[in-house]
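# Report on the structure
So the chains spell out like this:
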Amino acid sequence: MERELDEKREQLQALSRRLLAAQEAERRALARELHDDFGQFLTAVRLNLEAMRRAISGEGARQLADSITLVDQAIDRVRGLALDLRPAMLDDLGLVAALRWLLKRQSERAGFEGRLWVERLGAQVPPAVATCSFRLVQEALTNVARHAGARNVDIELSTTDGELRIVVRDDGSGFNLPAARQLAARGVSLGLLSMQERVTLAGGRLEIESAIGDGTAVDARIPLTGADPP
């Protein structure tokens, strides 16, 4: 019975890895379609409107100018959605560049000071490990922006003993970790569960430290070889 349970557990983990990999592939395809197809379509509409605006005057020109403003907002929105789905720089420029962009974007939105520290990153980070790490940091920063009220957030990235280590620290309000784990176990709050699942499926370890009024630290170690992370 124990062997059968172990086999079922391994099958479930393998299925979860495939589902997450398929999700990332779908995100990549949808982000590319939004950026390339819809972005180019809206840009063409804008150019046509601009040509019409220059050809007329009066109230019609003002209405076209308003329409151009709306199209510009739509273009920005489409680009933002594409980046939220999967930033192209993660595939093109790698993990460090993607984390710098993510930290800058979230810090500007939430109003905290963000710093990225990279040391001893001598080994090449495999794409699957980079994706797992990016999603982990993305979830951690989302939690900071929504709940922590932090003024400072530090991200540390390093490799040692064949592992990639990612630490996200904030000086925010913190939270009751045991209570949060209970909510996650009941499916009420999925942020912690999502981070734990990704790191576990990658063959890594995740530690979270937090206390009310004392900030939060998320510390993950992901092997650079071995399991194929999502």
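Reference entry: report on the structure contained in this document. (Residues numbered from 1 in each chain as written. Predicted model: local features only at pLDDT ≥ 70, side-chain atom pairs only at ≥ 80, totals over all residues. Heavy atoms only, no water.)

### As for the sheet that holds strand 2 (residues 152–160)
Taken together, the five strands give an open sheet; going across it, the order is 1-2-3-5-4, and neighbouring strands pair in mixed fashion. The sheet terminates laterally at strand 1 (113–119) and strand 4 (205–210), the two strands that pair on one side only. The sheet shows a mean angle of 10 degrees between the axes of neighbouring strands, direction not considered. Relative to the sheet, helix 4 (residues 95–110) contacts strand 1, strand 2 and strand 3 (163–170), its axis offset from that of strand 1 by approximately 165 degrees. (Pairing = 2+ DSSP bridges. Helix = DSSP H or I, 4+ residues; strand = E, 2+ residues; numbered from the N terminus. Axes fitted to C-alpha atoms, helices over the stretch in contact; angles between N-to-C directions. Contact = heavy atoms within 4.5 Å.)

### Focus on the packing of helix 4 against helix 5 (residues 127–148)
For any two helices packed against each other, one specifies the crossing angle of their axes together with the interaxial distance. Remark: helix 4 packs on helix 5, axes separated minimally by 11 Å, with the N-to-C direction vectors making an angle of 10 degrees. One way to sum up the angle between helix 4 and helix 5 is to call them roughly parallel. In this structure, helix 4 uses Leu95, Ala98, Leu99, Trp101, Leu102, Leu103, Gln106 and Ala110 to contact helix 5, whose residues at the interface are Ala130, Ser133, Phe134, Val137, Gln138, Leu141, Thr142 and Ala145. Partitioned by chemical class, the residues of the contact of helix 4 with helix 5 number twelve nonpolar, four polar and no charged. (Parallel < 35°, antiparallel > 145°, perpendicular 65-115°, else oblique. Nonpolar A, V, L, I, M, F, W, Y, C, P; charged D, E, K, R; others polar.)

### Looking at unusual backbone geometry
Phi at Asp161 is positive, roughly 55 degrees, even though this residue is not glycine. Mapped onto the elements of the fold, Asp161 is located in the loop between strand 2 and strand 3. By relative accessible area, Asp161 is classed as exposed at 75%. (Buried < 20%, exposed > 50% of the residue type's maximum accessible area, 1.4 Å probe, protein only.)

### Brief notes about the pattern of salt bridges
Applying the stated criterion across every chain yields a total of ten salt bridges. Residue Arg46 is joined to Asp72 by a salt bridge in which the shortest nitrogen-to-oxygen separation is 2.5 Å. One end of the pair, Arg46, is in helix 1 (residues 2–55); the other, Asp72, is in helix 2 (residues 59–85), with 26 residues separating them in the sequence. We classify Arg46 as partly exposed; its relative accessible area is 25%. A network of salt bridges, in which partner residues are shared, links Glu50, Arg53 and Arg54. (Salt bridge = Lys/Arg side-chain N within 4 Å of Asp/Glu carboxyl O.)

### So, the side chain of Arg86
Structurally, Arg86 is set in the loop between helix 2 and helix 3 (88–92). Using a relative accessible area of 4% as the deciding quantity, one classes Arg86 as buried. Side chain to side chain, Arg86 and Asp91 meet in a polar contact 2.7 Å long. Leave out the neighbours within four places in its chain, and Arg86 touches Glu24, Arg27, Arg28, Ala31, Asp91, Thr131 and Arg135. (Polar contact = N/O pair within 3.5 Å; in protein donor to acceptor, adjacent residues only side chain to side chain.)

### Points about the environment of Leu177
As for its placement among the helices and strands, Leu177 is situated in helix 6 (residues 177–185). Leu177 sits 32 residues away from Glu209 along the chain, and the two C-alpha atoms are 7.5 Å apart. Not counting the four nearest positions on each side in its chain, Leu177 is found in contact with Leu192, Ile208 and Ser210.

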